[in-house]
Amino acid sequence: MYTRLLFAILLMGATAISSQIVLLRELMVAFYGNELSLGVMLSAWLAWGAVGSWVLGRWADRIRDKVRALAFLQIGIWAILPLELFLARTVRKLMGMPPGELTGMASVAVAAFGILAPICIAGGFGFTLGCRMFSERYGSALKGIGNVYILEAAGSGVGGLLTQLLLIYLLPPFGLAVLIGGLNMFSALSLCWEGHKLLRGFCTLGLLGTGTAVALGGVRVAERLSSEIRWQGMELVHTENSPYGRIALVRMEGEYSLFENGILMSTSKSRLSVEERVHFPMLVHPKPERVLMIGGGLGGGLTEVLKHPVREVDYLELDPAVVHVWKQFVQQDIFRDPRLRVIYEDGRRWVRRHGKLYDVVIVGLSDPLTAQLNRFYTAEFFGDVKAHIRPGGVFSFGVTSSENVLGDPQRRYLACLFRTLKGAFREVRLIPGETAYFLASDVPISLDPALLVERLTGRGIKARFVREYYLPYKLSPDRMEYIREKVEKEEGVRPNRDFFPVGYFYALALWASQFYHRAQGFLINAGRIGFRGALVPIGAYFLVGLILTLRSRPSWRAPVVMAIGTTGLAEMAFQTVVLMAFQAKFGYVYYKLGLILSMFMVGLSLGSWAVVRWGGQIRSLHAFIWTQVGVVAYPLVLASLLGVIRGEAAFAALPVLAGFVGGVQFPLAGRLTAGEAVGREAGRLYGVDLLGAFFGAVGSSILLMPLLGIRGALYWLSILNGATLTFLLLGFLRPSAS
């Protein structure tokens, strides 16, 4: 039975991370995920996990047959995971939202909290149940909680790696959901093998039914049916998964549209924005021969570039599957042009590693609504691009704006990018419109409509929109002067940098203002917050924590629980910091990011193992205080190392130490607080840990790092945990501590 329990707890961790990957990917596709929407989804995941561990965990100590209860939980996962996946994929249709329509946070929250509740509650309750069973077996809360923490962390690490690096290549989402559910049903069968005849028979039938359904093509049917419901009203031509997201090609009235993660990537019919994106920078240059295009080339962008008398065009696309689908179903001729070379690599990484020079560089990516996209709008990237531009060359990109009047969020957003670009290039010009185009060079840029029309005609270019009647209107002096004046005079706007990514905060503020106009003032004021202003929440926390510490009996109990929360917050923020810094330095490499996350789990497992192995030989409160010292010191060390470490391997190892500290702290907290009610206290600690992780995930990516910078965020985390350390020392020194 012990071996079967070990497998069940290990599987619990693997199920949690694998289910999270599958379900959040589908919800991100449904709601065109950025950091805000991902934050809402993570909050739902962590909040429901806290409900399962903290609220339901109170009953873990009262359940007599805990093995059967764990088996029921695993049967529940077998039943609900495919259903939750189906709901996640079809939620837009169920909520009456057509494909391609932007939605606000309220819709995202309703969907995420509604769909994710069952599996998250089951996972949280399963953790507390496991802690109670293992504590009874070992006769020690420290060993019981520690071993469950080790197994769950190890399962999460292994499950995350297998899912990210292997299973998403081999299995469709429903196939992966069925595999996870089948493993849980198998574990439930093994747990009830001795006795529980009725339950054993149900598990056996469930496994046989699952195998039969898979053999008869049930996975393919579920994939096709759910995809057709999602894209109802359009003809679904093709869909597939890649490591970077879910790709769907649809057709409507003869026009193909390619979506990745629910975001429209390209369409088969030429659009105004495509011609503007290409022809503005190409016509500004007197003789473009070598062109680099980063994204945005499939929906006619490459076709428009190759209309010019160029000699070479390098096109960078991160996901090979996007190009392959487009070539297979929509357009192949353009890729036979000998002047075109398609490169499958992260654009930021490629630009940094190669030294080729170009006459024109065009970035055709979306707005910097995520930390990943923000890397292409920072001072460091603009500097890298400048190093690749020939004398007299032109760099260009476009972002969301307004045709005539600029509101406060739009002005601050454009001003941030303008000042960032101005730091790298002598000349920066802005062309107004629904999409505002930035043109940058080290020589004067002429936007004289007559000159551009002359070049357009001289090169024999036949465009549908950017023509002799359109350019004089688009480039009218009044419109050009208006946007220049508004952007240049905007005050209090910081430039966008890799380690101070304020650009995507301004982009998110602009995006959110489209749905919640009343939030504009808050978002604008938040963008002005400095480090001193960010200390106000810590001050409030210090006052509340001080009161709780003085009222706590024993005096260290409340500080220990608070430490679990602030450590959970810091640990999640540390991972976000390392991931963002790694992408800025080395580029977006999918499998390496998965390895970084897994390294944190390795550290977590090692820390818990060390406590279980030698915990009986140390004084728990003393050791706990020293772990809190480590949490205070780690962000300071990390801040100093970020600019020093050069190798990818060394960078990827940074989360190990953070995970180790957290792995040591949680079992010690269980030993200090559990007493006889192991299930209840373990559930409470786990719930606090998850709530802290929620605030760390949302706060660090949306507020701390954009507004304080990466180093400022690390200093803030150190001060926060320093306040918790003060509570611990106060509780230790008070008479009741003994």
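Given the structure is predicted, the values throughout are model-derived calculations rather than measurements.

When you tally the buried positions in strand S5 (residues 290–294), you get 4 out of 5 residues, the bulk of the element. In this sheet, strand S6 (residues 312–317) lies alongside S5 in parallel orientation, the contact comprising 5 bridges. Looking across to S6, one finds that Ile 294 is bridged to Leu 316. Sheet topology note: the S5/strand S8 (residues 358–363) ladder contains 4 bridges and is parallel. Along S8, the bridge assignment pairs Met 293 with Ile 362.

Now for the sheet that holds strand S11 (residues 435–441). Read across the open sheet, the 7 strands follow the order S7-S6-S5-S8-S9-S11-S10; overall the sheet is mixed. The open sheet is flanked by strand S7 (340–344) and strand S10 (427–431), the only strands paired with a single partner. Adjacent strand axes in the sheet meet at a mean angle of 15°, parallel and antiparallel pairs treated alike. Its contacts with the sheet place helix H9 (residues 272–284) against S5, S8, strand S9 (389–400), S10 and S11, and it is angled at close to 20° to S11. Contacts from helix H14 (residues 379–386) reach S5, S8 and S9 within the one sheet, and its direction differs from that of S9 by about 145°.

Let us look at the packing of helix H3 (residues 66–94) against helix H4 (residues 105–138). Taken N-terminus to C-terminus, the directions of H3 and H4 make an angle of 160°; their axes are 9 Å apart at the nearest point. By the criterion of interaxial angle, the relationship of H3 to H4 is roughly antiparallel. In this structure, the crossing between H3 and H4 has a hand that is left-handed. Contacts between H3 and H4 involve Lys 66, Val 67, Ala 69, Leu 70, Leu 73, Ile 77, Ile 80, Leu 81, Glu 84, Leu 87, Ala 88 and Val 91 from the first element and Ala 111, Ile 115, Leu 116, Pro 118, Ile 119, Ala 122, Phe 125, Gly 126, Leu 129, Arg 132, Met 133 and Glu 136 from the second. Among the residues making up the contact of H3 with H4, the classes are represented as 19 nonpolar, 1 polar and 4 charged.

What follows deals with the packing of aromatic side chains. Both the distance between ring centres and the angle between the ring planes are used here to describe each pair of aromatic rings. Under the counting rule described, the total for this entry stands at 26 aromatic pairs. Here Phe 127 and Tyr 149 contribute two aromatic rings whose centre-to-centre distance is 6.3 Å and whose plane-to-plane angle is 75°, an arrangement assigned as edge-to-face. With a gap of 22 residues between them, Phe 127 in helix H4 and Tyr 149 in helix H5 (residues 141–170) connect regions that are remote in the sequence. Relative accessible area serves as the criterion here: at 0%, Phe 127 is assigned to the buried category. Judged by relative accessible area, which is 7%, Tyr 149 ranks as buried. An aromatic cluster of three or more residues is present, and its members are Phe 376, Tyr 377, Phe 381, Phe 382, Phe 395, Phe 397, Phe 425 and Phe 438. Between Arg 200 and the ring centre of Trp 193, over which it is positioned, the NZ or CZ distance is 5.5 Å. For Arg 479, the ring lying beneath its charged end belongs to Tyr 473, and the centroid distance is 4.9 Å.

Cut-off values and rules
- Residues numbered from 1 in each chain as written.
- Predicted model: local features only at pLDDT ≥ 70, side-chain atom pairs only at ≥ 80, totals over all residues.
- Heavy atoms only, no water.
- Buried < 20%, exposed > 50% of the residue type's maximum accessible area, 1.4 Å probe, protein only.
- Helix = DSSP H or I, 4+ residues; strand = E, 2+ residues; numbered from the N terminus.
- Pairing = 2+ DSSP bridges.
- Axes fitted to C-alpha atoms, helices over the stretch in contact; angles between N-to-C directions.
- Contact = heavy atoms within 4.5 Å.
- Parallel < 35°, antiparallel > 145°, perpendicular 65-115°, else oblique.
- Left-handed = near helix turned anticlockwise from the far one by under 90°.
- Nonpolar A, V, L, I, M, F, W, Y, C, P; charged D, E, K, R; others polar.
- Phe/Tyr/Trp six-rings, centres within 6.5 Å; stacked < 30°, edge-to-face > 60°.
- Lys NZ or Arg CZ within 6 Å of the ring centre and 35° of its normal.

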